[in-house]
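As a plain string of letters, each chain reads:
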Amino acid sequence: MADDGFHVYDTTLRDGAQQEGLNLTVADKLAIARHLDGLGVGFIEGGWPGANPKDTEFFRRAQTELDLKHAQLAAFGATRRAGVKAADDPLVAALRESGAPVVTLVAKSHDRHVELALRTTLEENLAMIRDTVSHLRAEGQRVFLDAEHFFDGYKSNPAYALEVLRTAAEAGASVIALCDTNGGMLPDELADVVDEAVGTGARIGIHCHDDTGCAVANTLAAVRAGATHVQGCANGYGERSGNANLFTVVANLQLKKGFDLVPQESLRDMTRIAHAITEVTNVTPNSHQPYVGTSAFAHKAGLHASAIKVDPNLYQHIDPADVGNDMRMLVSDMAGRASVELKGRELGYRLAGDQSRQLVERVKELESRGHTFEAADASFELLLRDTVAGERKRHFSVESWRVIVERRPAGDVVSEATVKLHAKGERIVATGEGNGPVNALDKAVRLALEQLYPELAAVQLIDFKVRILEGTLGTDAVTRVLITSSDATGDWATVGVDENIIEASWQALEQAVTYGLLRAGHSA
Ligand SMILES: [Zn+2]
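Just so it is clear, the structure is predicted and the values come from calculations on it, not from any experiment.

> Looking at this structure, I do not really get the overall build of the chain. What am I missing?
Secondary structure assignment for the chain yields 18 helices and 16 strands. Per-residue burial over the chain gives 52% buried out of 524 residues. For the chain, restricting intrachain contacts to residue pairs at least 6 apart in sequence, the fraction spanning at least 24 positions comes to 66%. Accessible surface, the chain: about 23,400 Å² in total, of which carbon and sulfur atoms supply 48%. Taking the average location of the 53 positive side-chain charges in the chain and that of its 73 negative ones, the two points are 3 Å from each other.

This is the structure in structure tokens:
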């Protein structure tokens, strides 16, 4: 179990799930909770049992299906309604019966919200906090309190906002998390208010939203001012601009400030965990996310590449391996020999001097024609292999292909492709049908090759991007196609460029299949 001296408290399953477009099933929530536990967070807020049937089910299933190694579950809910006893409030009963060892109660700390939203008196709000906290404590649960709209409340009526903290602490709440619910705070003013709150003697936590782009900075400022409990969400998920990104907060505190929050080996797994969670949420990963984004340690500038080769630490703020990420070299038209050599080494090839010169020329020439290797690592690797081998080696050679597109009398449009190719000494002719010409070509080429290479059945085309590139200096516009393919263990991207969109697609498709075969262990 986590050390109680400093809390890492995750609220992805409750506050993060408020993100526009995010819709988590109970099974999704259980899967995310396992990933967060794998990272080693101390607390996972599972949702609001009683108020939301899915969350009630989450807590019920969690008791038998979650085997948490580090984290404790927290049930979220409100203080009792005005004018009833906590013991008689059905929503408080749902928190009691959730089976969660921790209950996080949300309470109003802004006088105007008490009067306008709760429509009760300031005195009764304090009584609701006192009664609910002490009731749940008496029932054996640990209680944290989220002081909602605390910072705006402090501006409106500082004495009352602080009175809320004292009341909760006296009733037995072990942490009071100050919430920047509207997300409008900046680090310096937030730190001053946290300092006042710490002065009450209560244990203080922090919950920030990113509306000013300062959620992580605000969280760090609060810790510096004495907060010992940080809340946040995986990948910064949350309503509006999101919540404080818990991964960034943890990496900053642990790697830069010397806190011992999660096991070192779990931190080294953080990039994988961040991506695994995006698989569950089905939200496209943010490649620029600090620490764990695929671009977080990607270098483009050809100018720096030779120095990076000598000492990578000159160009990165931490060793990417500390968070399970990798330094990546991007091959671009700014690339010089050093970055191509570095990329080759990253892929496991040693290039002789004239080979790397040859490869740089080839990359520059292709990029001037519209290819992009920055986004198509697999195409670059094929080019690299050809250079090292001194010839173009492939698993198959294409004699010809043909596609027809037909609009039938009923109005439906179908495509049919025929490919003729040679592989392992055989001539193969295959036909594929699809909803579009590329789909039909993809089917035909697989059909032709799957008899010889059954592993191709596991390769899927997962993304297809088309861009028209403006013609320059008298040349016509060309079409660039980027194809992303995947198998059981990962994905790869290939690129094709031509004036004709089908030919461009075919180039990318042929490389995608070739690369898939190389991954499956077939040398050409
Ligand atoms: Zn919030």
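Next, the rest of the story.
> Please clarify how the nonpolar core should be interpreted in this entry.
Within soluble globular proteins, side chains that are nonpolar generally end up buried alongside one another. Core analysis: the largest hydrophobic core is formed by 87 residues, its most contacted members being L145 and F150. Of all the elements, helix α7 (residues 158-171) adds the most residues to this core, at seven residues. L145 has contacts with L105, A107, I129, V133, V164, A168, A173, V175, I176 and A177, leaving out every residue within four places of it along the chain. Core analysis: the second largest hydrophobic core is formed by 32 residues, L382, I428, L509 and L518 among them.

> Can you walk me through the sheet that holds strand β11 (residues 397-407) in this structure?
What holds strands together in a sheet is hydrogen bonding between their backbones, with the strands either parallel or antiparallel. What the three strands build is an open sheet, ordered β11-β12-β13; its pairing is antiparallel. Across the chains shown, the open sheet's two edge strands, defined by having one partner strand only, are β11 and β13 (426-434). Ignoring strand direction, the axes of neighbouring strands in this sheet form an average angle of 10°. The sheet contact formed by strand β12 (residues 413-423) and β13 spans nine bridges and is antiparallel. If you follow L421 over to β13, its bridge partner there is I428. Contacts from helix α17 (residues 437-450) reach β11, β12 and β13, with the element oriented near 35° to β12.

> Would you take a moment to explain the UniProt feature "domain: Pyruvate carboxyltransferase" (unreviewed entry) in the chain for this structure?
The sites that carry the UniProt feature "domain: Pyruvate carboxyltransferase" (unreviewed entry) are, in the present numbering, residues 6-268. The span residues 6-268 is 44% helix and 17% strand, and its two end C-alpha atoms sit 20 Å from each other.

> Just to check I follow, could you spell out the coordination of the zinc ion for this structure?
When a metal carries six donors in an octahedron, the ideal angles between them are 90 or 180 degrees, while four donors in a tetrahedron ideally lie at 109.5 degrees. Protein coordination at the zinc ion: the donors are D15 (OD), H207 (NE2) and H209 (NE2), at 2.0 to 2.2 Å from the metal. Sequence spacing among the residues donating to the zinc ion works out to D-x191-H-x1-H. Taken together, the residues span a long stretch of sequence, with D15 in the loop between β1 (7-10) and α1 (26-39) and H209 in the loop between β7 (204-208) and α9 (215-224) at a distance of 194 residues. D15 sits in the buried class, given a relative accessible area of 6%. Since its relative accessible area comes to 3%, H209 is described here as buried.

> Is there a simple way to think about the packing of aromatic side chains in this case?
Each pair of aromatic rings is reported with the distance of its centres and the angle of its planes. Per the counting criterion, the structure on display carries eleven aromatic pairs. The interplanar angle of 75° and the centroid separation of 5.3 Å between the aromatic rings of W48 and F76 together place this pair among those described as edge-to-face. Within this pair, whereas W48 is found in the loop between β2 (43-47) and α2 (53-65), its partner F76 is found in strand β3 (residues 72-78), the two being separated by 28 residues in sequence. Its relative accessible area of 3% is what places F76 among the buried residues. For the pair F150 and F151, a centre-to-centre distance of 5.7 Å together with 90° between the ring planes defines the contact as edge-to-face.

> Just to check I follow, could you spell out the pairing of strand β5 (residues 142-148) for this structure?
Remember that side chains alternate between the two faces of the sheet whenever the strand is regular. Of all seven residues making up β5, five are buried, and the element is well covered by its neighbours. In the sheet, strand β4 (residues 102-108) pairs with β5 via seven bridges, with the strands oriented parallel. Opposite V103, over in β5, you have V143 as the bridge partner. Pairing between β5 and strand β6 (residues 175-180): four bridges, direction parallel. By the bridge assignment, L145 is partnered in β6 with I176.

> Which parts of the structure should I look at to understand helix α8 (residues 187-198)?
Because each turn of an α-helix spans 3.6 residues, side chains separated by three or four positions in sequence point in the same direction. Helix length check: α8 (twelve residues) gives 16 Å between terminal C-alpha atoms against 16 Å at 1.5 Å per residue, within 8%. Tucked inside the fold, the buried residues of α8 contact α6 (150-156), α7, β6, β7 and α9.

> Looking at this structure, I do not really get the sheet that holds strand β14 (residues 460-469). What am I missing?
The strand order across the open sheet formed by three strands is β14-β15-β16, and the pairing between neighbours is antiparallel. In this open sheet, the two edge strands, each paired with only one partner strand, are β14 and β16 (490-498). Each strand axis lies, on average, 15° off the axis of its neighbour in the sheet, ignoring direction.

> Help me understand the packing of α1 against α2, please; the structure alone is not making it clear to me.
Describing two packed helices takes the angle between their axes plus the distance from one axis to the other. Running from amino to carboxyl end, α1 crosses α2 at an angle of 50°, the nearest separation of the two axes being 10 Å. Considering their axes alone, α1 and α2 lie oblique with respect to each other. For α1 against α2, the interelement crossing comes out right-handed. Across from V26, K29, L30, A33 and R34 in α1, the residues of α2 making contact are K54, D55, E57, F58, R61, A62 and E65. Class assignment for the residues of the contact of α1 with α2 results in five nonpolar, no polar and seven charged.

> What should I look at first to understand the side chain of R80 in this one?
Tracing the sequence through the fold places R80 in the loop between β3 and α3 (90-96). When its relative accessible area of 6% is taken as the criterion, R80 is described as buried. Of note is the side chain of R80, whose polar atom sits 2.9 Å from the side chain of E124. If we ignore the near neighbours within four places in the chain, the residues touching R80 are K85, A86, D89, V92, E124, A127, M128, D131 and T132.

Parameters and conventions
- Residues numbered from 1 in each chain as written.
- Predicted model: local features only at pLDDT ≥ 70, side-chain atom pairs only at ≥ 80, totals over all residues.
- Heavy atoms only, no water.
- Helix = DSSP H or I, 4+ residues; strand = E, 2+ residues; numbered from the N terminus.
- Buried < 20%, exposed > 50% of the residue type's maximum accessible area, 1.4 Å probe, protein only.
- Contact = heavy atoms within 4.5 Å.
- Areas by Shrake-Rupley, 256 points an atom, 1.4 Å probe, with all protein chains shown as cover.
- Lys, Arg positive; Asp, Glu negative; His and termini not counted.
- Charge placed at Lys NZ, Arg CZ, Asp CG, Glu CD.
- Core = buried A, V, L, I, M, F, W, Y, C linked by side-chain atoms within 4.5 Å.
- Pairing = 2+ DSSP bridges.
- Axes fitted to C-alpha atoms, helices over the stretch in contact; angles between N-to-C directions.
- UniProt positions renumbered as here; feature names shortened; annotations may be inferred.
- Donors = N, O, S within 2.8 Å, 3.2 Å for Na, K, Ca; no water.
- Phe/Tyr/Trp six-rings, centres within 6.5 Å; stacked < 30°, edge-to-face > 60°.
- Expected span 1.5 Å × (residues − 1).
- Parallel < 35°, antiparallel > 145°, perpendicular 65-115°, else oblique.
- Left-handed = near helix turned anticlockwise from the far one by under 90°.
- Nonpolar A, V, L, I, M, F, W, Y, C, P; charged D, E, K, R; others polar.
- Polar contact = N/O pair within 3.5 Å; in protein donor to acceptor, adjacent residues only side chain to side chain.

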